[in-house]
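Fold and contact review
Each chain is listed here by its residues.
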Amino acid sequence: MLATAFGLYLLADRYLIEHVEGKAILTAESAVTETPSNVESDDWNYKSDNVTINIEKVQTGQGKDMVTYFVADVQMSDASSLKSAFAKNIFGRNVVEKTSQIAADNQAIFAVNGDYYGFRSDGVLIRNGVLYRDEPARVGAALFEDGTMQTFDETEVASSSLLAAGALHTLSFGPVLIKNSEIVEDFEKVSIDSNFGNRSIQGSNPRTGIGMISANHYVFVVVDGRKENYSKGMTLSEFTDVFADLGCTEAYNLDGGGSSTMYFMGRVVNNPLGKQDERSISDILYIEG
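Along each chain, residue indices are assigned from 1 in the same order as the chain's sequence is written. With the structure being a predicted model, the display of local features is reserved for residues of pLDDT at least 70 and the display and counting of side-chain atom pairs for 80 or more, all residues being used for whole-chain, interface and lining totals. Side-chain metrics in this entry use all non-hydrogen atoms of the structure; hydrogen atoms and water are not considered.

1. Focus: the overall build of the protein
This is how it is decided: Only DSSP runs of H or I reaching four residues or more are called helices, and only runs of E reaching two or more are called strands; each is numbered from the N terminus. The buried label applies to any residue whose accessible area, calculated with a 1.4 Å probe on protein chains only, is under 20% of its type's maximum; exposed applies above 50%, and partly exposed to all values in between. In this analysis, two residues are considered to be in contact whenever any of their non-hydrogen atoms come within 4.5 Å of each other. Computed with the Shrake-Rupley method and a 1.4 Å probe, the accessible areas treat only the protein chains shown as cover for residues.
On a plain count of helices and strands, the protein comes out with 5 helices and 23 strands. Scored against the burial criterion, the 289 residues of the protein give a buried share of 51%. In the protein, once contacts between residues fewer than 6 apart in sequence are set aside, the share between residues at least 24 apart is 70%. Of the roughly 13000 Å² that the protein leaves accessible, carbon and sulfur atoms contribute 48%.

Have a look at this one:
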């Protein structure tokens, strides 16, 4: 019984118990909040002097083959409009809140779930220009202050080089979907984590991803899934094709499954797992109003 109890404690410690490592650090850039001017908005669109957001709901197929997904086209005058936030404003493992709550706490007009960095203890983690974690493990994505996005091998590119090049955010999940306008063709041997409880990323699943069309012009795609006659989800190849069809030169897969959530103007746009039930996660990418 003692051994069982100890084993249960270790599992809880690894996957459930909060491990606070520090408060989020506000840089001068991330702390600046400007009141947007000339704002026009409705349930699916937003336009100001700094940001334009257009969201489209797309449905293909029918019956058990139906797929429902949401595409947010985001154009910014400056890369600083795209920010990141931690659950509860705390950096650490297993510190979680729902996407909509993190978004509301940060006055976001638009948000998607991030890479769920708090589920693991490795990866290179730069957020809002601050380095929080430097444990290279996989191929990541970096968003730079010039509005561009690049993918990189964490084991080959130093975090100091990324910061010197102007990295504002890094994402450590994957896989890479499009690199230098070239579509990644083979996902058969892709693995992100080997943690207990992970669901395979192969097959048709709910998904979240980010793609760059050009500097300061991004698309965010959230695919619903696991609900018959509404959306079965997408395979990685199908997901990649969506970004390619949208004209992306770079695209990267983020945390999916129950985490896949798109938030806009105070509401959750998609239907997480077909149950309108968000999973609590560790981080978001967002646009501030």
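2. A closer look at the sheet that holds strand 3 (residues 45-47)
Convention followed: In this description, strands pair whenever DSSP reports at least two bridges between them.
Ordered in space as 2-3-4-5-18-17-19-15-16, the 9 strands form an open sheet in which the pairing is antiparallel. In the strand order of this sheet, the two ends are held by strand 2 (40-41) and strand 16 (182-183), each with one partner. Bridge count for strand 17 (residues 207-214) against strand 18 (residues 217-223) is 7 bridges, and the pairing is antiparallel. What sits directly across from serine 214, in strand 18, is histidine 217.

3. Comments concerning the packing of aromatic side chains
Put simply, the rule is: By convention, a stacked pair of Phe, Tyr or Trp rings (six-membered ring in the case of Trp) has centres within 6.5 Å and planes under 30 degrees apart, an edge-to-face pair has planes over 60 apart, and any other such pair is tilted. A positively charged side chain is recorded as over a ring if its NZ (Lys) or CZ (Arg) lies within 6 Å of the ring centre. The angle to the ring normal must also be within 35 degrees.
Using the criterion set out here, one finds 8 aromatic pairs in the structure. Note on phenylalanine 86 and phenylalanine 91: the rings are 5.8 Å apart at their centroids and 40° apart in plane angle, and the pair reads as tilted. Relative accessible area serves as the criterion here: at 5%, phenylalanine 86 is assigned to the buried category. A centroid spacing of 5.5 Å and a plane angle of 20° characterise the contact between phenylalanine 91 and tyrosine 117, whose relative ring orientation is stacked. Taken together, the residues phenylalanine 91 in strand 7 (residues 90-93) and tyrosine 117 in the loop between strand 9 (108-113) and strand 10 (123-127) connect sequence positions 26 residues apart. Here phenylalanine 91 and tyrosine 117 have matching classes, each one buried. One aromatic cluster in this structure is built from Phe86, Phe91, Tyr117 and Tyr132. Taking NZ or CZ as reference, arginine 267 lies 4.9 Å from the ring centre of tryptophan 44, over its face.

4. Observations regarding the sheet that holds strand 23 (residues 283-288)
Within the open sheet, the 5 strands sit side by side as 6-23-9-20-21. Their pairing is antiparallel. Each having just a single partner strand, strand 6 (82-86) and strand 21 (267-268) make up the two edges of the open sheet. Where strand 6 and strand 23 come together, 5 bridges link them in antiparallel fashion. In the strand pairing of strand 23, lysine 83 is matched with tyrosine 286.

5. Digging into unusual backbone geometry
With an omega of 10°, the peptide bond running from glycine 174 to proline 175 counts as cis. Checked against the element boundaries, proline 175 lands in the loop between strand 14 (167-171) and strand 15 (176-179). One non-glycine residue, asparagine 94, adopts positive backbone phi at about 65°. Checked against the element boundaries, asparagine 94 lands in the loop between strand 7 and strand 8 (97-98). Here asparagine 229, not a glycine, exhibits a phi torsion of approximately 70°, which is positive. With respect to the helices and strands, the residue asparagine 229 is situated in the loop between strand 18 and helix 5 (236-245).

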